[in-house]
Amino acid sequence: MTAITKQEIAALPVEFKLNGRTVVGRADETIIETARHHGIEVPHLCYKPGLRPDGNCRACVVEIKGERVLAPSCCRYPQDGMEVTTDSARAVASQKVVLELLLADMPEQRHTLDNELDRWARKLEVGLPRFPGRHQPAADASHPAIAVNLDACIQCTRCLRACREEQVNDVIGYAFRGDHSKIVFDLDDPMGASTCVGCGECVQACPTGALAPARGAGLVEADRKVDSVCPYCGVGCLMTYHVKDNRIVQVEGRDGPSNHGRLCVKGRYGFDYVAHRHRLTAPLVRKAGVPKSRDFVVDPDKWRDAFREVTWEEALDLAARGLREIRDRHGRQALAGFGSAKGSNEEAYLFQKLVRTGFGSNNVDHCTRLCHASSVAALMEGISSGAVSNQVSDVAKAEVVFVIGANPTVNHPVAATWMKNAAKRGTKLIVADPRRTELARHATRFLQFKADTDVALLNALMYTIVEEGLVNEAFVRDRTSGYEALRENVKKYPPERMAPVCGVPAETIREVARLYANSGASMILWGMGISQHVHGTDNARCLIALAMMTGQIGRPGTGLHPLRGQNNVQGASDSGLIPMVFPDYQRVDDPEARKRFEAFWGMELDPKPGLTVVEIMNAAKKGEIRGMYIMGENPAMSDPDVDHAREAMAALEHLVVQDLFLTETAYLADVVLPATAWPEKVGTVTNTDRMVQLGRKALEPPGDVREDLWIINEIARRIGLDWSYAHPRDVFNEMRGCMDSIAGITWERLERDSSVTYPCEKEGDPGTPVIFTTHFPTATGRGKFVPADLIPAAEQPDHDYPMVLITGRQLEHWHTGAMTRRAGVLDAIEPEPVASVHPLDLAKLKARPGDVITVESRRGSISLYARVDEGTPAGAVFIPFCYYEAAANALTNPALDPFGKIPEFKYCAVRVTKGGATPMRMSFGGGQAPLPAARVTARD
Amino acid sequence: MNDRADAATPARRSKVRAAPKGRQTEPQALAEVRQLLGDAPRRRDLLIEHLHRIQDRYGSLADRHLVALAHEMRLAMTEVYEVATFYHHFDVVKDGAAAPPAVTVRVCDSLACELAGARGLLEKLPKALGKDVRVLHAPCIGRCEQAPAATVHRHPVPNATVEKIQALVSARSLAHPPARDRATFAPESFIEPLDTPGAGSTVSPAYVGYDTYRKGGGYRLVAECLAGGHDAESIIQKMEHSGLRGLGGAGFPAGRKWRIVRAEPQPKMVAINIDEGEPGTFKDRVYLERDPHRFLEGMLVAAWAVQGGACYIYLRDEYHGCRAILEKELARLKDDPPCALPPIELRRGAGAYICGEESAMIESIEGKRGMPRLRPPYVAQVGLFGYPTLEHNFETVYWVRDILEKGPEWFAGFGRNGRKGLRSFSVSGRVKKPGMHLAPAGITVRELIDEYCGGMLDGHRFYGYLPGGASGGILPAAMADIPLDFDTLNKYGCFIGSAAVVILSDRDRATDAARNLLAFFKEESCGQCTPCRVGTAKALALMERRDWDQPLLNELSQAMMDASICGLGQAAPNPILCALKYFPQERG
């Protein structure tokens, strides 16, 4: 109801009297806000800027002349001539009674350092409450991250609004009534047994500590607070570390452009990995005679079996000498490097520069190859730009949002909140995915299409658009080329014929096509469900075509948004951590571009595009690649058919790995260089929205750990490069010299604003959130349609392997789990490897939920626990790839998309049987909630 | 625990979540819910209706059904749970706990029933009925003239005794007896002092059915309106001239309300409030169970006059007999409409006094917890489903036909002591003839007792009275000559509200009455705002002490009146303040 009135209220100035003074407010600004602007404080508890005002606590009541009762200043808008008194005897009497009533029900023990109720009670000099207290509810310590102490609850429902209206996780409710009213989770279940996803938004919202960080973390007074950006997914949430004694005790969401204070469970509770006992604190060198093999067993506690600690000098000399000798003996193509999408832009840039100028080849790649390489291939081919056209926040401006092959509530949780917010406001959300995800509940239409049939579904949508005359002819005429071929091609795919193929009724396909084409603004977002197929590039081509034929690109609320998975996969790609392109996607085989970089870096460069991730592994196995430098990547877990990858790395003559932990990849290394974690260094990262954001140093690294930039610099010097980068700022400034897209972003601006959107070509440019508004950055300015036909997955289910394996991630575990499985809270929530199976399939196996099952493919076999899940389609099994003890990538098929060279992680044939070996206990925290965050407890 | 041994045993599995987070939908429960819902729409606003289906079928709301219903309606589990636990008539059963016994006896313990011995019933019944019958106390069930009143499942028991209840229970006579539609009825028949229609009569008096109503000229007015026989402006003027005011308690002039809503942009809604829950009030039931079409016609005329769309009728769940009548008569009306009808929806409450508050009722119709909205914006601007809404109490529209047919002067022609119009007084307590008495506005309580109620009960001396139900305050016998009407009582800290008059005698204490009323308010507070949720609880706790802390009670009362969101919290202190002010002798 407020939405409607708000629309009606114009933002006009309103003159009214406030405590006797004439003030000018706005018709759309509440009295409490205007009062604050004029330095007048009104007590308030249920009101919190950013949350919808609810007006339930009544602490902010004020007197309005002529009105019978007092009015809540957090909900009332001023009117011309209104006479408002916030401090009249009558108003203050009520404010104080409200505070006293609530105070009477507060517990002795406090749960937060900053209890807003206490603060206001002190300010208003409310003494000891004169009312009898209530019967107090028991504490609920069932959740590893959040302590529920409803004895401090004042029923202000800030947590509920945070959970339901901001994050739209819909876990918290307000149940019962009267003085029995109670904040509940789901059906009044213990929080730890509820559907709670641990985002902690409720904790951030709670004014009294009734919802507080578990184990007293909220009672630790921080030494300092450091603003930074989250190291997990591509959303790029800005946040603030609370640091005490060189430990992060708490993390708070900051008002960043992509998150506006919101965080998810990883970003809020996933930081103790930096202090995990497995952390490498000194360089390691492989002991002489310890063999490398693909079937090693990882036991981080027994690293001494294979490695010995050495000094940095020794480690760097050994590392560099091995690389140098291979280069000098076997030529430039015998070396390769994997950079990381988890490092900073500066690290990525220096790393690829090291490979290109030091190793002398373009054999540098990173995990973008495994994520969106096909999306980028299609985008480069069609519109010559791999970046998103519109930012996630544009979903608020869209009438239709089409999410396909993405599970953002798990993989981009904060981005998902904006989608859910939009859906709540009436935006039509269309979700297409073989798995029914949480987002599906919010969807206007959910298309649970059969895995591997993306092109069938998308071509049928385009067929409908053509057949029903929904094509934006003007856009096609003015801004595209190749439409006729596309039109002819989609004629082969009427919805009625594709319905049995993709499993979506023809009428639904038609309806969705109309919705998408006819709306004023439609936006497409996709994830790895689109890209990780042998037809991933085709899938993306269809999405590009869909947007162009309907003209749904180039305006706010429209466009194409491949959701980037890692915090810096966009930036690492931009910075040139790709074998075919220099920074800013300038092709290495383009003589102009090469000339520019040869001049810029002052040496001759290899004109031949380098090998990609999987190609490098193949080459290593064949002995063509003999030495590698891997910074922050874990191909021993993340590559398809990991046995093959591990075998390939074991075959290397010389492997240097730079990481935080002795990862599965580091186990195969000759030299392991202990690196800094994200909170221990300064650097920029670029999120999925093309926002370049500054991460700041909050912690001193442990032991003899060194900053990554310094390590790269030292390696470079030892293989013959004359480098002396002292600070990330120096690297960033060099990058601006060769990357037009960020040329206008100064380090000072990043320090001031924390976030700048590119393209930002000149200093002072505000940044460009929506691109392609007038033309595409192709030679002709036109976007190119590329038709696609049905190509089946490389490996189809058959008699021996009758089911389909879909791999992906889960909310708590990041990528290969190196960080998150060492984060106490995240490990406690998801300690063991699980496979999601449809209840009917589980019944067929005669297995119960929680039983051990074995999943085998032609490449490997793993045993893990069955999780019954109605969202998983019958006939398929979903396994997250973060579990070493049951590595999903032991099963996956390394078949590649021919254009993006991305492996088919989303589809291979498997056999599932009941039983198998109980998975090794690999949860690095034992699945237990961590110990108290600090020894410090409440002062009183 | 030994880790190694653990690894081989099933206990090793304890850390693995065998399903996604939280409760999962059970296929069996989902099938049951789907079957119950049939092809009914899964819209959010039907949540309470759907909960009723499950409660009616299974006698409780098992957690598995709530989870399945949430799944089916695409709601969050907690959205279903928070609504289900808000309403008294839903029995949520969790984690394999036993469902309540098949038979529930509810004994009303609101003031009139308490005066008539409800406490004794509540003490004796559990033993008399055994453990297969659940005995609950209930807030006012709208049968105050039949005090003490109870229900055996849905069967009302007027002037309840242990024996009467036992007989119904053992006969498993659980349904509301059906009513016959053979009556003729005219509202004016109540004007002359009559025998109380309720007392001693069956709980299901005969009523005026559709055919009879039409034969008596019913629905001619609305048909004329729709056919262009009247213009809305003149109809609204007539309503204004009649002086008819909102009879749910707030007393807003009906004609002015029509004018306001008419000026609002379309689409617009009409909502009729029959959530008659104010303790002491039963007038709407008395009319509805005799003459259901008169208010429907009034509603249709109002909808036409304000250019409203759909009409929603919200009926309290306790009125099972009325619901049966309405369902039947609405079907007849729709089968053989006298004119084009707007969509008419009958919605069933679920046991919540607060839903009589206009905005809480709207929330409830939308399928939510009945928590009043903050105003502004007013319901007339932003009401049901966000649209401008004309909301009226049942009785307000009940008079529309007679006012328009007989002329505004007819209605305004009644009155006493300088007041105008008619008031339907629900009288209960220590009088000889409790019941619904249609009397001139402005009548004094002394006149009402003497002329309409046959005087005080034998052996009782008039001691004090509640002029307007639980919220309207308590006045002493010494103030028995105040004209009873809107506005006349305000200066005494009282109001007439829905004209529910409860008479106290020398055997009663205002202090006890106030405590009963506060207990009621505490239980019926929606729990939204601090002054009401916490205030009613603390006030009651203070009142349960031997010595009342008068300054603190005054201070608390003022804050509740000033700072509560809705009328419940704002009026809840009235009994406290009246007891303090007018009955000081009771506390020595």
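As the structure is a prediction and not an experimental result, all values here were calculated from the model. (Residues numbered from 1 in each chain as written. Chains lettered and ligands numbered in written order. Predicted model: local features only at pLDDT ≥ 70, side-chain atom pairs only at ≥ 80, totals over all residues. Heavy atoms only, no water.)

> Honestly, the overall build of chain A in this entry has me stumped. Any pointers?
Along chain A, the regular secondary structure elements total 30 helices and 39 strands. Here chain A has a C-alpha radius of gyration of 29 Å; the compact-globule value for 940 residues is 30 Å, and the two agree. Structurally, chain A occupies a C-alpha span of about 90 × 70 × 65 Å along its principal axes. In chain A, which comprises 940 residues, the proportion classed as buried is 67%. Each charge class in chain A was averaged separately, 111 positive and 119 negative side chains, and the resulting centres sit 1 Å apart. (Helix = DSSP H or I, 4+ residues; strand = E, 2+ residues; numbered from the N terminus. Rg over C-alpha atoms; globule rule 2.2 N^0.38 Å. Buried < 20%, exposed > 50% of the residue type's maximum accessible area, 1.4 Å probe, protein only. Lys, Arg positive; Asp, Glu negative; His and termini not counted. Charge placed at Lys NZ, Arg CZ, Asp CG, Glu CD.)

> Sorry if this is basic, but what is going on with the sheet that holds strand β16 (residues 364-365) of chain A here?
Strand pairs in the sheet, formed through backbone hydrogen bonds, run parallel or antiparallel to each other. Residue and element names in this part refer to chain A. Taken in spatial order, the seven strands line up as β14-β13-β27-β26-β25-β15-β16 in an open sheet, and their pairing is mixed. Of all the strands in the sheet, the pair left with one neighbour each is β14 (307-309) and β16. On top of the sheet, helix α9 (residues 345-359) reaches β15 (335-338), β16 and β25 (627-631); it is set at about 175° to β15, its chief contact. Set on the sheet, helix α23 (residues 613-621) makes contact with β15, β16 and β25; between it and β15 the angle comes to about 140°. (Pairing = 2+ DSSP bridges. Contact = heavy atoms within 4.5 Å. Axes fitted to C-alpha atoms, helices over the stretch in contact; angles between N-to-C directions.)

> Please clarify how the interface of chain B and chain A should be interpreted in this entry.
How large an interface is tends to be reported as the accessible area lost when its parts come together. Contacts between chain B and chain A engage 70 residues on the former and 81 residues on the latter. Between chain B and chain A, roughly 6,000 Å² of surface is buried when both sides are summed, and carbon and sulfur atoms account for 54% of that area. Across the chain B-chain A interface, the total number found is nine salt bridges. Across the pair Glu830(A) and Arg17(B) runs a salt bridge whose closest N-O atoms are separated by 2.6 Å. Joining chain B to chain A, the criterion identifies 36 residue pairs in polar contact (both at pLDDT 80 or more). Secondary-structure elements contributing two or more residues to the side of chain B that touches chain A are α4 (63-73), α5 (77-84), α21 (510-524), α22 (530-543) and α23 (550-563) of chain B. Residue composition of the side of chain B that touches chain A, by class: 33 nonpolar, 16 polar and 21 charged. (Buried area = accessible area lost by both parts, 1.4 Å probe. Salt bridge = Lys/Arg side-chain N within 4 Å of Asp/Glu carboxyl O. Polar contact = N/O pair within 3.5 Å; in protein donor to acceptor, adjacent residues only side chain to side chain. Nonpolar A, V, L, I, M, F, W, Y, C, P; charged D, E, K, R; others polar.)

> Which parts of the structure should I look at to understand the environment of Ala876(A)?
All names here are of chain A. Topologically, Ala-876 is positioned in strand β36 (residues 876-880). Separated by 38 residues in sequence, Ala-876 and His-838 place their C-alpha atoms 7.6 Å apart. Excluding anything up to four places from it in sequence, Ala-876 contacts Met-803, Val-804, Ile-806, Ser-836 and Asp-841.

> Could you clarify how one ought to interpret the packing of aromatic side chains in this entry?
Geometrically, a pair of aromatic rings is defined through the distance of the ring centres and the angle of the planes. Taken as a whole, this structure holds 36 aromatic pairs over all chains when the rule is applied. Aromatic ring contacts, followed pair by pair, group Tyr287(B), Phe295(B), Phe394(B), Tyr398(B), Trp399(B), Trp410(B), Phe411(B) and Phe414(B) into a single cluster. The ring centre of Phe86(B) lies 5.1 Å from the NZ or CZ of Arg177(A), which sits over that ring. Lying across the ring of Tyr319(B), Arg316(B) places its NZ or CZ 5.3 Å from the centre. (Phe/Tyr/Trp six-rings, centres within 6.5 Å; stacked < 30°, edge-to-face > 60°. Lys NZ or Arg CZ within 6 Å of the ring centre and 35° of its normal.)

> Honestly, the side chain of Glu366(B) in this entry has me stumped. Any pointers?
All names here are of chain B. Mapped onto the elements of the fold, Glu-366 is located in the loop between α16 (358-365) and β10 (389-393). Its relative accessible area of 6% is what places Glu-366 among the buried residues. Side-chain polar atoms of Glu-366 contact the side chain of Arg-373, separated by 3.0 Å. A polar atom in the side chain of Glu-366 sits 2.6 Å from the backbone nitrogen of Phe-385. Other than its neighbours up to four places away in sequence, Glu-366 contacts Arg-44, Asp-45, Arg-373, Gly-383, Leu-384, Phe-385 and Gly-386.

> Where do I start with unusual backbone geometry in this structure?
Residues and elements named next belong to chain B. For the peptide bond that leads from Ala-147 to Pro-148, omega is -10°, which places it in the cis range. By secondary structure assignment, the location of Pro-148 is in the loop between β4 (133-138) and β5 (150-152). Of the consecutive residues Pro-376 and Pro-377, the connecting peptide bond is found in the cis state with omega at 0°. With respect to the helices and strands, the residue Pro-377 is situated in the loop between α16 and β10. The backbone of Arg-172 sits at a positive phi, close to 50°, despite the residue not being glycine. Among the residues examined, Arg-172 registers a relative accessible area of 49% and is labelled partly exposed. A positive phi angle, near 75°, is found at Asp-487, a position not held by glycine. Mapped onto the elements, Asp-487 comes out in the loop between β14 (475-476) and β15 (500-505).

> Looking at this structure, how should I read the nonpolar core?
In a soluble, globular protein the nonpolar side chains are often hidden away together inside. One finds Leu211(A), Trp258(B), Phe295(B), Ile313(B) and Trp399(B) to be the most contacted residues of the largest nonpolar core, which totals 311 residues. The leading source of residues in this core is helix α14 (residues 292-305) of chain B, at nine residues. Leu284(A), Ala636(A), Met649(A) and Leu655(A) belong to the second largest nonpolar core, which has 66 residues in total. (Core = buried A, V, L, I, M, F, W, Y, C linked by side-chain atoms within 4.5 Å.)

> Would you explain the pairing of β25(A) in this entry?
All names here are of chain A. Buried residues dominate β25, accounting for five of its five residues. Pairing between β15 and β25: four bridges, direction parallel. Note on β25: the bridge partner recorded for Ala-336 is Met-628.

> Honestly, the pattern of salt bridges in this entry has me stumped. Any pointers?
Pairing is possible between side chains that carry opposite charge, provided their charged atoms lie close to one another. Applying the stated criterion to the full structure yields 128 salt bridges over all chains. For Arg119(B), the salt bridge goes to Asp109(B), with nearest N and O atoms at 3.2 Å. Note that Arg119(B) is positioned in helix α7 (residues 118-129) and Asp109(B) in the loop between β3 (103-108) and α6 (111-115), a separation of 10 residues in sequence. Accessibility expressed as a relative area gives 39% for Arg119(B), which makes it partly exposed. Among the residues examined, Asp109(B) registers a relative accessible area of 12% and is labelled buried. Linked through salt bridges whose partners overlap, the residues forming this network are Glu467(A), Glu468(A), Glu496(A), Glu507(A), Arg510(A) and Arg514(A).

> Looking at this structure, I do not really get helix α2 (residues 27-37) of chain B. What am I missing?
Residue pairs spaced three or four apart in an α-helix point in one direction, given the helix's 3.6 residues per turn. Residue and element names in this part refer to chain B. Residues of α2 that are buried: Ala-29, Leu-30, Glu-32, Val-33 and Leu-37. For α2, the arc enclosing every buried residue in end-on projection is 160°, short of the 170-degree limit, so these residues lie on one face. In α2, the exposed positions that point more than 90 degrees away from the buried face belong to Pro-27 and Gln-35. Where the residues of α2 are buried, they touch α3 (47-58) and α4. Positive backbone phi, at 55°, marks Gly-38, one or two positions downstream of α2. (Arc of directions from axis to C-beta.)

> I would appreciate a short explanation of the state of the cysteines in the present structure.
Linking two cysteines covalently via their sulfur atoms produces the bond known as a disulfide. Residues and elements named next belong to chain B. Throughout the structure, instances matching the rule amount to zero disulfides over all chains. Distance from the sulfur of Cys-108, which forms no disulfide, to the nearest cysteine sulfur (Cys-113) is 3.6 Å. Judged by relative accessible area, Cys-108 falls into the buried class, the value being 1%. Free cysteine: Cys-578, not disulfide-bonded; nearest cysteine sulfur from Cys-494 at 3.7 Å. A relative accessible area of 2% places Cys-578 in the buried class. (Disulfide = S-S within 2.5 Å.)

> Any chance you could explain the confidence of the model for chain B here in plain terms?
All names here are of chain B. Counting all residues, the mean pLDDT for chain B is 94, and 95% of those residues have values of 70 or more. Segment residues 1-13: pLDDT under 50, and 16 contacts once partners within four positions in sequence are set aside and those in other chains are kept. Under a pLDDT of 50 for its full length, residues 193-200 has, in the predicted model, 17 contacts with residues more than four places off or in other chains. Interface confidence for the predicted complex, expressed as ipTM, amounts to 0.95; the pTM equals 0.94. (pLDDT = per-residue confidence, 0-100.)

> Looking at this model, I keep getting lost on the environment of Ser88(A). Mind explaining?
All names here are of chain A. Looking at the secondary structure, you find Ser-88 in the loop between β5 (83-85) and α3 (89-104). A C-alpha to C-alpha distance of 7.2 Å links Ser-88 and Glu-63, two positions 25 residues apart in sequence. A polar contact is formed between the side chain of Ser-88 and the side chain of Glu-63, at a distance of 2.5 Å.

> Quick question: what am I supposed to make of the pairing of strand β39 (residues 908-914) of chain A here?
Residues and elements named next belong to chain A. Here three bridges tie strand β32 (residues 803-808) to β39, and the two strands are oriented antiparallel to one another. By the bridge assignment, Val-804 is partnered in β39 with Ala-909. Relative to β39, strand β34 (residues 852-856) is paired through four bridges, and the arrangement is antiparallel. The residue bridging Ile-853 from the neighbouring strand is Lys-914, located in β39.

> Just checking my understanding: could you explain the sheet that holds β3(B) for this structure?
Residues and elements named next belong to chain B. What the four strands build is an open sheet, ordered β4-β3-β5-β6; its pairing is mixed. Whereas interior strands pair on both sides, the edge strands pair on one side only; in this sheet they are β4 and β6 (155-157). The sheet shows a mean angle of 25° between the axes of neighbouring strands, taken without regard to direction. Note: β3 against β4, six bridges, orientation parallel. Counterpart to Val-103 in the pairing with β4 is Val-133.

> Whenever I open this one, the confidence of the model for chain A confuses me. Can you help?
Detail in the predicted coordinates should be disregarded across regions flagged by low pLDDT. Predicted confidence across chain A gives a mean pLDDT of 95, with 97% of residues reaching 70 or more. Segment residues 932-940 of chain A is flagged for pLDDT under 50; beyond a separation of four residues in sequence, or across chains, it makes 16 contacts in the model.

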